Amino acid sequence: MRRKDREITDTEKIREIIEGCDCLRLGLCDDEGMYIVPLNFGPVCENGQWYFYCHGASAGRKYRCIKNSDRAAFEMDRSRGLVTGSEACQYSYLYESIIGDGLVEVVEDTEEKKKGLDAIMNHYGKGEWHYHEKLMKDVAVFRIRALHLSCKAHY
């Protein structure tokens, strides 16, 4: 990280930033090239290890990319506002961001799928969630295990 003065290393602050983000951008690669897709996500931290659950169709480019390679990159951020100035280069933007890479896989186990869907649902609204059997069969759940994760903020 070039701007070490903006690096966040406090684990609770990192958790707060992750929990405050509403979109995870997943970077994948296939024979066509790079592919980035914005996704709803559910963060889970177990013993200091971050996992991010996402969901989607069991078909399409995202699904094919994940089935063909277990490597992925991800990004999420929170806007903190625009700083204006009297000249163009005096403008800046305040933000918090997470960038990382890891291993991504399609979750096949039904209980793990439910755990992932619960994580996604609880990220956006707390509750007791029930899933129809057809949904559980049709939806693909993806789990990203973060290998590297960095956090940066400009306040």
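This text follows the structure it describes.
Residues numbered from 1 in each chain as written. Predicted model: local features only at pLDDT ≥ 70, side-chain atom pairs only at ≥ 80, totals over all residues. Heavy atoms only, no water.

Participant: How would you summarise the packing of aromatic side chains if you had to cite specific residues and measurements?
Facilitator: Under the definition given, this model contains four aromatic pairs. Taking 6.2 Å as the distance between ring centres and 65 degrees as the angle between the ring planes, the aromatic pair formed by Phe41 and Phe52 counts as edge-to-face. Pair noted here: Phe41 is in the loop between strand 3 (33-39) and strand 4 (42-46) and Phe52 is in strand 5 (residues 49-56), with a separation of 11 residues, a long-range link. Each of the two residues, Phe41 as well as Phe52, counts as buried. Ring centres of Tyr63 and Phe142 lie 6.4 Å apart, and the angle between their planes is 55 degrees; on these two criteria the pair is classed as tilted. One end of the pair, Tyr63, is in helix 2 (residues 61-68); the other, Phe142, is in strand 8 (residues 140-154), with 79 residues separating them in the sequence. One exposure class covers both Tyr63 and Phe142, and it is buried. Counting every residue linked through ring pairs, the aromatic cluster contains Phe41, Trp50, Phe52 and Phe74. (Phe/Tyr/Trp six-rings, centres within 6.5 Å; stacked < 30°, edge-to-face > 60°. Helix = DSSP H or I, 4+ residues; strand = E, 2+ residues; numbered from the N terminus. Buried < 20%, exposed > 50% of the residue type's maximum accessible area, 1.4 Å probe, protein only.)

Participant: Give a detailed account of helix 3 (residues 110-124), specifying residues and quantitative values.
Facilitator: The end-to-end C-alpha distance of helix 3, which contains 15 residues, comes to 22 Å, matching closely the 21 Å that a straight helix rising 1.5 Å per residue would cover. Residues Glu112, Lys113, Gly116, Leu117, Asp118, Ala119, Ile120 and His123 constitute the buried set of helix 3. Residues of helix 3 that are buried in the fold lie against helix 1 (11-20), strand 4, strand 5, strand 7 (92-107), helix 4 (133-138) and strand 8. Capping of helix 3 at its N-terminal end is provided by Asp109; its side-chain oxygen lies 3.2 Å from the backbone amide nitrogen of Glu111. (Expected span 1.5 Å × (residues − 1). Contact = heavy atoms within 4.5 Å. Polar contact = N/O pair within 3.5 Å; in protein donor to acceptor, adjacent residues only side chain to side chain.)

Participant: Can you explain the pattern of salt bridges? Please cite residues and give values.
Facilitator: If you walk through the whole model with that rule in mind, you get 21 salt bridges. With its nearest N and O atoms 2.4 Å apart, the salt bridge here joins Glu46 to Lys115. Residue Glu46 is located in strand 4, and its partner Lys115 is located in helix 3; the two are separated by 69 residues in the primary sequence. Each of Lys13, Glu16, Arg78, Arg80 and Glu96 takes part in a single network of salt bridges with overlapping partners. (Salt bridge = Lys/Arg side-chain N within 4 Å of Asp/Glu carboxyl O.)

Participant: Explain unusual backbone geometry to me, and be specific about the residues and the numbers.
Facilitator: Here Asn47, not a glycine, exhibits a phi torsion of approximately 55 degrees, which is positive. Tracing the backbone shows Asn47 in the loop between strand 4 and strand 5. Residue Asn47 is classed as exposed on the basis of its relative accessible area, which comes to 85%.

Participant: Please provide a residue-by-residue account of the layout of surface pockets, values included.
Facilitator: Roughly 190 Å³ of internal volume is contained in the largest pocket. Around the largest pocket, the lining residues are Glu7, Ile8, Thr11, Glu12, Ile14, Arg15, Cys45, Gly48, Trp50, Leu149, Ser150 and Cys151. Listing elements by their share of the lining of the largest pocket, those giving two or more residues are strand 1 (7-8), helix 1 and strand 8. Tallying contributions element by element places helix 1 first for the lining of the largest pocket, with four residues. Residues of the lining of the largest pocket, tallied by class, amount to six nonpolar, three polar and three charged. (1 Å grid on protein atoms, 1.4 Å probe; cavity = no way out; pocket = protein on both sides within 12 Å on 5 of 7 lines; lining within 4 Å. Points joined across faces, edges and corners; volume = space filled by probe spheres on them. Nonpolar A, V, L, I, M, F, W, Y, C, P; charged D, E, K, R; others polar.)

Participant: Quick rundown of the pairing of strand 7? Include the residues and the values.
Facilitator: With 12 bridges connecting them, strand 6 (residues 71-83) and strand 7 associate as antiparallel partners. Across the sheet, residue Phe74 finds its bridge partner in strand 7, namely Gly100. Summarising the sheet, strand 7 and strand 8 pair through 13 bridges and their orientation is antiparallel. Bridging across to strand 8, Ser97 finds its partner in Lys152. (Pairing = 2+ DSSP bridges.)

By themselves these figures say nothing about function.
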